[in-house]
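# Notes for the structure review
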Amino acid sequence: QVQLVESGGGWVQAGGSLSLSCTASGIIFSINSMAWYRQGTGKQRELVALLTSDGSTNYEDSVKGRFTISRDSAKNTVYLQMNSLKPEDTAVYYCKANLKSYGRAYRDYWGQGTQVTVSS
């Protein structure tokens, strides 16, 4: 089965930086898009950044200019560079890939999530 594993979460002071990574493993024929979502305590999950196969990106308004999503196609890995972090960025960050595994249609796969805590 396809598996997504995130890493890089942790604790940081406001104004600091963190880098997240997510690697998809298994039998993967094609990746349509990869994205980062987050969910703070008591809040709904929201899309943070999206990267499509053609290289297009989309960001949630509050992270524009601070976060950057990128990829290493050879490694099936997506990254999220987070700068100028704010306490409001505290959340569990989830990686999602829309991909086609061998013999199957495109579908969404989710990682387990990694905690990011920004202190003031």
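Attention here is on the structure that accompanies the text. None of these values were measured; they are calculated from a predicted model. (Residues numbered from 1 in each chain as written. Predicted model: local features only at pLDDT ≥ 70, side-chain atom pairs only at ≥ 80, totals over all residues. Heavy atoms only, no water.)

## Let's talk about the nonpolar core
- If you look at the biggest cluster of nonpolar residues, it comprises 27 residues, and the most contacted ones within it are L4, W36, V48, F67, L80, M82 and Y93.
- Among the secondary structure elements, those contributing two or more residues to this core are strand 3 (18-25), strand 4 (28-39), strand 5 (46-52), strand 7 (67-72), strand 8 (77-82), strand 9 (91-101) and strand 11 (114-119).
- Counting residues per element, this core draws most heavily on strand 9, at five residues.
- If we ignore the near neighbours within four places in the chain, the residues touching L80 are L18, S19, L20, W36, V48, A49, F67, T68, I69 and Y93. (Core = buried A, V, L, I, M, F, W, Y, C linked by side-chain atoms within 4.5 Å. Buried < 20%, exposed > 50% of the residue type's maximum accessible area, 1.4 Å probe, protein only. Helix = DSSP H or I, 4+ residues; strand = E, 2+ residues; numbered from the N terminus. Contact = heavy atoms within 4.5 Å.)

## Side note on the side chain of T77
- Inspection of the secondary structure assignment puts T77 in strand 8.
- The buried category is assigned to T77, whose relative accessible area is 4%.
- Polar contacts involving the side chain of T77 include one to the side chain of T23, which spans 2.9 Å.
- Among residues more than four places away in sequence, those in contact with T77 are S21, C22, T23, S70, R71 and D72. (Polar contact = N/O pair within 3.5 Å; in protein donor to acceptor, adjacent residues only side chain to side chain.)

## Thoughts on the environment of T117
- Looking at the element boundaries, T117 is found in strand 11.
- The sequence separation of T117 and E88 amounts to 29 residues, and the corresponding C-alpha distance is 9.2 Å.
- Setting aside anything within four residues of it in sequence, one finds T117 in contact with G10, W11, V12 and T90.

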